[in-house]
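# Architecture at a glance
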Amino acid sequence: MAACGTNNKSAKVDESKVSVESSVASSDGREATDMKVVKKNVTSSKEETTTQESTTAPTSAAAQTATEAKKESEKQEISKPEQETSKKSEEATKAKEAGEIGLDPNWEYASFSKIHSGSAVLYKPSENGNGITIAVNAGHGTKGGSSQKTLCHPDGSAKVTSGTTKAGATTAVAVSEGMTFEDGTPESTVTYEMAKVLKAELLSRGYNVLMIRDGSDVQLDNIARTVIANNNAAAHIALHWDSTTSNKGAFYMGVPEVDSYRSMEPVASNWKKHEALGKSLINGLSSNGTKIFSKGRMEMDLTQTSYSTIPSIDIELGDKKSDHGKDTLKNLSKGIADGIDSYFGR
C-alpha cells in the first residue's frame, strides 16, 4: 500500500483531509472487502511554528471563527463518504465470515465428479436473515474443464436432448468454456459479474448466498457444483447466456418431457420443483421488464438437472448480442430475486 502522507515540513497541509484506499489482496483472486482510512499527517517543528506565529498578523476573532467553521464543515463533508464506505465494508466483511465449502466425498453423487479441488463461499446477511440459502452458480469458469468428461446421468444412460453435447451421448465435458459476447467479453466474465450483483441483492433481502464460483476460476465441475448446492442450499440457480446472436431474451432450461428421463432419480423426485422455480424466475424477470424468449422455457437435458436433489434451474439471461452493462445486470438481479421471493412465498 502506497504512503498517503509527505515528509516535506515546509508544506502546509490541512490535517482534516483524508483519502480512502481499498485493499484487494486475496490469494484466490476474490475481491477482499477490507477498507482502510488513511490520515495525512504533516508536522512542523517548534521553530517553524514560532517563526510563523511571529510573522503572522493578528487575526480577528470573527475571522478565526469563520475559518474554524469552514474547516469543520469540510471535515463533516469528507466524513460522510468515509462513514458510508466503512459501513458497506463492515457489512460485506460480516457477510463473508461464513466461510468456504468444498465437496465432501461422502455426499450422494460426489463420486461422479472429476474436478473438485475448489470451494464455494457462503455469505450471510449481517442482519435480518431469513435462514434460506440460495446457491448462485456463475456458469463456466473452470480452467481445464473441457478436457475432462463426466457421466451425463448417474445411472449411465444417454442424453435425451442435444445441446453442448449431442443426444445419445453418455458423457459430457465436465465444464464447458462458454461463448464470447459480440463485444469480445467471455461469458464466464459476465456470469461472474451477474453472480456478484445477484449476491448483493439477495443478501439485502435476508437470504444466505452460496457463491459456487466466487472468482474468475473455480476448480469445480458441474457435478461438484450441483452436489455442493444439494447439501448446502434450498435452491440452485445457474447463470448463463445463450450462444445465439438474436438478442432473443431470457428463458430457463426446462426438464425434458421424456418418460425415461423424468422417471430417473433424482430427476423423478425433483423435476416438478425445478419447473416451478423456473416459472417463478421468468415471471420475476418479466415483471421487471426483461425481454422473455418465446414462453420462457426450452427443454434441455442438463448435467445440473440430472444430479440435483433440490429445486434447480439453469437460467439463460439473453445471448451473445444482449446488453450486459451494470444497469442491465442490476435489473436482472431484481427480477431473479423477485422470482425467488415468489417461489419461497415471501
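Before going into details, it helps to say that this report is about the structure given with it. (Residues numbered from 1 in each chain as written. Predicted model: local features only at pLDDT ≥ 70, side-chain atom pairs only at ≥ 80, totals over all residues. Heavy atoms only, no water.)

## Topic: the overall build of the protein chain
When helices and strands are tallied, the protein chain shows eight helices and twelve strands. Taking all 346 residues of the protein chain together, the buried fraction comes to 43%. About 17,600 Å² of surface is accessible on the protein chain, with carbon and sulfur atoms providing 47% of the total. (Helix = DSSP H or I, 4+ residues; strand = E, 2+ residues; numbered from the N terminus. Buried < 20%, exposed > 50% of the residue type's maximum accessible area, 1.4 Å probe, protein only. Areas by Shrake-Rupley, 256 points an atom, 1.4 Å probe, with all protein chains shown as cover.)

## Digging into the side chain of Lys 199
Structurally, the position occupied by Lys 199 is in helix H3 (residues 187–204). Asp 214 provides the closest opposite charge to the buried, unpaired Lys 199, separated from it by 4.8 Å. If we ignore the near neighbours within four places in the chain, the residues touching Lys 199 are Tyr 123, Val 209 and Met 211. (Lys, Arg positive; Asp, Glu negative; His and termini not counted. Salt bridge = Lys/Arg side-chain N within 4 Å of Asp/Glu carboxyl O. Contact = heavy atoms within 4.5 Å.)

## As for H3
A rise of 1.5 Å per residue sets the reference length of H3, with its 18 residues, at 26 Å; its end C-alpha atoms lie 26 Å apart and thus fit the reference within 8%. Across the 18 residues that make up H3, a large majority, 13, are buried. Looking one or two residues beyond H3, the residue adopting positive phi is Gly 206, at roughly 95°. (Expected span 1.5 Å × (residues − 1).)

## Side note on the nonpolar core
Core analysis: the largest hydrophobic core is formed by 36 residues, its most contacted members being Leu 239 and Ile 315. By residue number, the principal contributor to this core is H3, which donates seven residues. In this view, Leu 239 contacts Val 136, Asn 137, Ala 138, Gly 139, Thr 191, Met 194, Ala 195, Leu 198, Ile 315, Leu 317 and Ile 336; residues no more than four positions away in its chain are not counted. Core analysis: the next-biggest nonpolar cluster, separate from the first, contains 20 residues, Ile 101, Leu 122, Leu 210 and Val 227 among them. (Core = buried A, V, L, I, M, F, W, Y, C linked by side-chain atoms within 4.5 Å.)

## Points about the environment of Gly 145
The topology assignment puts Gly 145 in the loop between strand S5 (133–138) and strand S6 (149–151). Residues Gly 145 and Gln 219, 74 residues apart in the sequence, show an inter-C-alpha distance of 8.1 Å. Here Gly 145 is in contact with Ile 115, Val 173, Ala 174 and Val 175, once residues within four sequence places are set aside.

## Considering unusual backbone geometry
In the segment running from Glu 265 into Pro 266, the intervening peptide bond is cis, with an omega of 5°. Unlike most non-glycine residues, Tyr 109 shows phi in positive territory, near 75°. Inspection of the secondary structure puts Tyr 109 in the loop between strand S3 (99–102) and strand S4 (119–123). A residue is classified by how much of its surface remains accessible, and Tyr 109, at 14% relative accessible area, is buried. At Ser 294, a position not held by glycine, the phi torsion is positive, near 50°. With respect to the helices, strands and loops of the structure, Ser 294 is situated in strand S11 (residues 292–299). Overall, the relative accessible area of 59% leaves Ser 294 in the exposed class.

## Side note on the pattern of salt bridges
Tallied over the entire structure, the rule returns nine salt bridges. In this structure, Glu 193 and Lys 196 form a salt bridge, with 3.1 Å as the shortest nitrogen-oxygen distance. Taken together, the residues Glu 193 and Lys 196, both in helix H3 and three residues apart, mark about one turn of the helix. Note that Arg 297 is salt-bridged to Glu 275, the shortest N-O span being 2.9 Å. Placement of the pair is Arg 297 in strand S11 and Glu 275 in helix H6 (residues 267–287), with a sequence separation of 22 residues. In this structure, a network of salt bridges that share partners links the residues Glu 201, Arg 205, Lys 330, Lys 334, Asp 338 and Asp 341.

## Considerations on the side chain of Asp 301
Here Asp 301 shows up in the loop between S11 and helix H7 (303–307). Buried and unpaired, Asp 301 has Lys 159 as its nearest opposite-charge partner, separated by 4.7 Å. Setting aside its immediate chain neighbours within four residues, Asp 301 contacts His 153, Ala 158, Lys 159, Val 160, Thr 161, Pro 256, Tyr 261 and Ser 306.

## Topic: the packing of aromatic side chains
Following the criterion strictly, the structure yields six aromatic pairs and no others. Ring centres 6.3 Å apart and planes at 50° place the aromatic pair Tyr 109 and Phe 112 in the tilted group. Chaining the aromatic ring pairs together yields one cluster made of Tyr 109, Phe 112 and Tyr 307. Over the ring of Tyr 123 we find Lys 199, and its NZ or CZ is 4.0 Å from the ring centre. The ring of Phe 293 carries the charged tip of Lys 248 above its face, separated from the ring centre by 4.6 Å. (Phe/Tyr/Trp six-rings, centres within 6.5 Å; stacked < 30°, edge-to-face > 60°. Lys NZ or Arg CZ within 6 Å of the ring centre and 35° of its normal.)

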